[in-house]
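Close look at the chain arrangement
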Amino acid sequence: MSGGGLNLGKSVFIKTYGCQMNVYDSNRMVDLLEVAGYSKTEHLSSADLIILNTCHIREKAEEKVYSELGRLTKLKTKRKEQGSKILIAVAGCVAQAEGKRILERAPTVDLVFGPQTYHRLPFMVQNAMAGGKRIVDTEFPVEDKFDHLAQGSQQGGPSKFLTIQEGCDRFCTFCVVPYTRGAEQSRPAISIAQEARRLVADGAREITLLGQNVNAWHGESPSGGEWKLGRLICYLAEIEGIDRIRYTTSHPKDVDDELINAHREVPQLMPFLHLPVQSGSDKILAAMNRHHNARDYFHTVEKLRKARPEIVLSSDFIVGFPGEEDEDFAKTIKMVNEVGYAQAYSFKYSARPGTPAADIIDQVEDSVAAERLAGLQQLLRAQQDAFLSAQKGKKVKVLFERLGKQVGQICGRSPYMHPVHAQAPDSFLGKIAEVHIAEVKTNSLLGKVELGKRLARNAAVAEGVSL
Ligand code: SAH
Ligand code: SF4
Ligand code: F3S
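Basis of the calculations
Residues numbered from 1 in each chain as written. Chains lettered and ligands numbered in written order. Predicted model: local features only at pLDDT ≥ 70, side-chain atom pairs only at ≥ 80, totals over all residues. Heavy atoms only, no water. Helix = DSSP H or I, 4+ residues; strand = E, 2+ residues; numbered from the N terminus. Rg over C-alpha atoms; globule rule 2.2 N^0.38 Å. Buried < 20%, exposed > 50% of the residue type's maximum accessible area, 1.4 Å probe, protein only. Contact = heavy atoms within 4.5 Å. Areas by Shrake-Rupley, 256 points an atom, 1.4 Å probe, with all protein chains shown as cover. Lys, Arg positive; Asp, Glu negative; His and termini not counted. Charge placed at Lys NZ, Arg CZ, Asp CG, Glu CD. Near = heavy atom within 4 Å. Nonpolar A, V, L, I, M, F, W, Y, C, P; charged D, E, K, R; others polar. Domains from an automatic or database assignment. Polar contact = N/O pair within 3.5 Å; in protein donor to acceptor, adjacent residues only side chain to side chain. Salt bridge = Lys/Arg side-chain N within 4 Å of Asp/Glu carboxyl O. Pairing = 2+ DSSP bridges. Axes fitted to C-alpha atoms, helices over the stretch in contact; angles between N-to-C directions. pLDDT = per-residue confidence, 0-100. Parallel < 35°, antiparallel > 145°, perpendicular 65-115°, else oblique.

A few points about the overall build of the chain
When helices and strands are counted, the chain shows 15 helices and 19 strands. For 467 residues, the compact-globule formula gives about 23 Å, and the C-alpha radius of gyration of the chain, at 24 Å, lands near that figure. Dimensions of the chain along its principal axes, counting C-alpha atoms only, are 65 × 65 × 50 Å. Taking all 467 residues of the chain together, 53% fall into the buried category. Summarising the internal contacts of the chain: among those between residues at least 6 apart in sequence, 73% fall at separations of at least 24. On the chain, roughly 21,400 Å² of surface is accessible, and the fraction owed to carbon and sulfur atoms is 51%. Separation of charge centres in the chain, based on 60 positive and 57 negative side chains, amounts to 6 Å.

Here it is in structure tokens:
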């Protein structure tokens, strides 16, 4: 669609909830709307179009959206009194799951559309503007949305997301994703590589491949056959300018030997892997329909560590899944102790309407789940702190992404995703440099870039110091 001058001067504010796929999608929506004449604004109060890109994964995530809509109703009324009109849109997984129920519960909303229809957004907005009719579009269209999304430049630093697959066929019994994002769909390798090259041309040095179940990716290869993720990673690593590759989120059952091999052979593949296990109990893993047991998971971890000894792991855990008893929870604790995590997310089970686990009668009492969660989080925190503290005195390679709050400081990430704040000249932004870690904070590291002699002299001259 061409802008046609129709929306010139209009602005869009977008608020993103949930996972990185939503962050990626929000950027794509902004790209599309820019083509249609909207510019992105960070100021809610002056926006003409407000999009909430929502998450449905847990009840709390959904409730946040409805409270935000309550606040937006007031803003919309105020703007109407001032004589201007704003459109309010709900996108993402709540939109997909709730559809027109959102219009009933929140009369302020003009547009509801699911994750598979973003490419139609400019038309929807124009129709809503012109007709004033409220629109719901939660279809799963036959066409591939990636073929229709505008390929604008992602703003921001040298670390970029690239969605390579969407949807999920795993149907874990607690999870809404197969219903909100639909069946698993993998993009062809060529289209992924094209996007990767464009990102590099825009300044990307690190690319994180995204998917709800990213290692289920099985896309068309350049010669028309089928590849799995390990092969795709090797292919992308050949693109000049990509210094770091990550992928998230993976399912343990879909880690195959080719992927493990990529961890052995591709130096750009970062030695940090988010490999959610959810529980350490075989009984609970079976009830969750995870298709693996605790031993399988250990075995996969062992193989990964053998292939890449410096690899560290992160995970997701759910406590209080229906039927979880003390002994099941004890097995989760045992697993955490045995595997050892550099980082992890843990959640209290939240029954989601329409998922099989929500119908299990044997729900765990909230106070029991809360107590287990506190215990698990204490252990995970201790492991995280120990790993962070162990970085002190080390030389860590950091990709610098932005200026720090203090003068002379820039910030970036270590291979293990730790935020690192370093004393270094701004010229290091967008580059990878070694930082000597001098101090460990609660969640981040502090240090100094090891400057070569010439750079040290230049920096000293800039600061008015003689060496
Ligand atoms: N695809 C990923 C998970 C995506 S959802 C995987 O297979 O692991 C992110 C995390 O949210 C999950 O790993 C899980 O720990 C948590 N989660 C999902 N549904 C949940 C629910 N109903 N209650 C609590 N946590 C949930
Ligand atoms: Fe949800 Fe992940 Fe299971 Fe898919 S694999 S159903 S996204 S938890
Ligand atoms: Fe949430 Fe949808 Fe992502 S439910 S976690 S935004 S796939």
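Quick look at the site of ligand 3
Close to ligand 3 lie C19, N22, T54, C55, H56, I57, C93, V177, R181 and Q212. Grouping the amino acids of the shell around ligand 3 by side-chain chemistry returns five nonpolar, four polar and one charged. The residues that make up the shell around ligand 3 include at least three from each of domain 1 (10-137) and domain 2 (145-389).

Re the side chain of R308
Mapped onto the elements, R308 comes out in the loop between α12 (294-307) and β13 (312-319). Look at R308 and you get buried, because its relative accessible area is 10%.

Things to note about the domain arrangement of the chain
Under the domain assignment, the chain is made up of domain 1 (10-137), domain 2 (145-389) and domain 3 (395-462). Just the C-alpha atoms count here: the centres of domain 1 and domain 3 sit 38 Å apart.

Here's the deal with the site of ligand 1
Lining the immediate environment of ligand 1, one finds 15 residues, of which F174, Q212, Q278, D316 and S350 sit closest. Within the side chain of Q278, an N or O atom sits 2.7 Å from an oxygen atom of ligand 1. Backbone polar atom of S350 to a nitrogen atom of ligand 1: 2.8 Å apart, as the coordinates give it. Protein contact buries 88% of the 540 Å² of open area that ligand 1 shows by itself. Those elements giving two or more residues to the shell around ligand 1 turn out to be β13 and β14 (343-348). Tallied by class, the residues present in the shell around ligand 1 amount to six nonpolar, four polar and five charged.

A word on the pattern of salt bridges
In this structure the tally under the stated criterion is 29 salt bridges. The closest approach of N and O atoms between E62 and R352, which form a salt bridge, is 2.8 Å. Pair noted here: E62 is in helix α2 (residues 59-81) and R352 is in the loop between β14 and α14 (366-389), with a separation of 290 residues, a long-range link. The buried category is assigned to E62, whose relative accessible area is 8%. Between K441 and E439 there is a salt bridge whose closest N-O contact spans 3.4 Å. Among the residues examined, E439 registers a relative accessible area of 38% and is labelled partly exposed. Connected through shared salt-bridge partners, K15, E68 and R71 make up one network.

Examining the sheet that holds strand β3 (residues 49-54)
Taken in spatial order, the six strands make up an open sheet running β2-β1-β3-β4-β5-β6, and their pairing is parallel. Of all strands in the sheet, those with a lone pairing partner are β2 (38-40) and β6 (135-137), marking the two edges. This sheet shows a mean twist of 20° between the axes of neighbouring strands, independent of strand direction. Relative to β6, strand β5 (residues 111-113) is paired through three bridges, and the arrangement is parallel. Across the sheet, the residue bridging to L111 is I135, located in β6. Docked against the sheet, α2 engages β1 (10-16), β3 and β4 (87-91), running at close to 175° with respect to β3. Most of the contacts of helix α5 (residues 121-131) go to β5, to which it runs at about 160°, and overall it touches β1, β2, β3, β4, β5 and β6.

Digging into the sheet that holds strand β11 (residues 244-248)
Read from one edge to the other, the open sheet built from three strands follows the order β7-β10-β11, with strand pairing classed as parallel. What marks the edges here is a single partner per strand, and that holds for β7 (159-163) and β11. Strand-to-strand, the axes of this sheet are offset by a mean angle of 25°, without reference to chain direction. Pairing of strand β10 (residues 206-210) with β11 involves five bridges; the strand directions are parallel. Bridging across to β11, L209 finds its partner in Y247. Contacting β7 and β10, helix α8 (residues 189-201) crosses the sheet at an angle of about 160° to β7.

Quick notes on the confidence of the model for the chain
Should pLDDT be low for a region, the predicted coordinates there are not to be read in detail. This prediction gives the chain a mean pLDDT of 91; 92% of its residues lie at or above 70. Counting interchain partners and residues more than four positions distant, the pLDDT-below-50 stretch residues 1-5 has ten contacts. Confidence over residues 463-467 falls short of pLDDT 50; this stretch has four contacts with residues more than four positions distant or in other chains.

Some details on the packing of α12 against helix α13 (residues 326-339)
For the pair α12 and α13, the least separation of the axes is 12 Å and the interaxial angle reads 10°. When the axis of α12 is compared with that of α13, the two are roughly parallel. Residues A294, Y297, F298, V301 and R305 of α12 form the contact with α13, whose own contacting residues are M335, E338 and V339. Residue composition of the contact of α12 with α13, by class: six nonpolar, no polar and two charged.

Comments concerning unusual backbone geometry
Of note, the amide linkage connecting T248 to T249 takes the cis form, showing an omega dihedral of 5°. Summarising the element assignment, T249 is placed in the loop between β11 and α10 (257-265). Its identity as a non-glycine residue notwithstanding, F171 has a phi of 50°, on the positive side. With respect to the helices and strands, the residue F171 is situated in the loop between β8 (165-166) and α7 (177-180).

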